[in-house]
Amino acid sequence: MEKTVVVNVNRTFSHPKYKKVVTRGRKYYVHDESNALVVGDKVVIKECRPYSKSKRWCVVKKLEGKN
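Each chain has its residues counted from 1, following the order in which its sequence is written. Only residues with pLDDT of at least 70 are given local features in this predicted model, and only at 80 or more are side-chain atom pairs given and counted; all residues enter the totals for whole chains, interfaces and linings. Side-chain calculation: all heavy atoms of the structure are included, whereas hydrogens and water are not.

Draft legend 1. Region of the structure containing the pattern of salt bridges. By definition here, a salt bridge exists when the distance from a side-chain nitrogen of Lys or Arg to a carboxyl oxygen of Asp or Glu is within 4 Å. Evaluated as defined, the whole model comprises two salt bridges. The partner of Glu 33 in a salt bridge is Lys 3, and the shortest N-O contact between them spans 3.1 Å. Of the two residues, Glu 33 sits in the loop between β2 (21-31) and β3 (42-47) while Lys 3 sits in the segment before β1 (4-14), which places them 30 residues apart along the sequence. Judged by relative accessible area, which is 51%, Glu 33 ranks as exposed. The way it works is that DSSP assigns letters per residue, a run of H or I at least four long becomes a helix, a run of E at least two long becomes a strand, and they are numbered from the N terminus. Only protein chains enter the accessibility calculation, which uses a 1.4 Å probe; a residue is then buried when its area is under 20% of its type maximum, exposed when over 50%, and partly exposed in between.

Below is the structure:
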């Protein structure tokens, strides 16, 4: 897992029948060429060429997080 970060993307929506707010999440394996991201950083990702079996995303930029 060198040069790889796991990005968790959560989305919330209202259940169509019960009208309760539901949160669902998905993990993306993202290529980080600089290997500089740490836990808690917020990033922008985009789809790119396949780097491995499950890694198909690249980091565009770091938004905020720990310094």
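Draft legend 2. Representation of the state of the cysteines within the structure. Cysteine sulfur atoms are paired as a disulfide whenever they fall within 2.5 Å. Scanning all chains against the criterion turns up one disulfide. Sulfur-sulfur distance for the disulfide between Cys 48 and Cys 58 comes to 2.2 Å. Here the S-S torsion is close to 95°, and the disulfide linking Cys 48 with Cys 58 is therefore right-handed. Note that Cys 48 is positioned in the loop between β3 and β4 (55-64) and Cys 58 in strand β4, a separation of 10 residues in sequence.

Draft legend 3. Fine view of the environment of Thr 12. Among the secondary structure elements, Thr 12 is positioned in strand β1. Classification of Thr 12 by relative accessible area gives exposed; the value is 55%. Spatially, the C-alpha atom of Thr 12 lies 29 Å from that of Ser 52, the residues being 40 residues apart in sequence.

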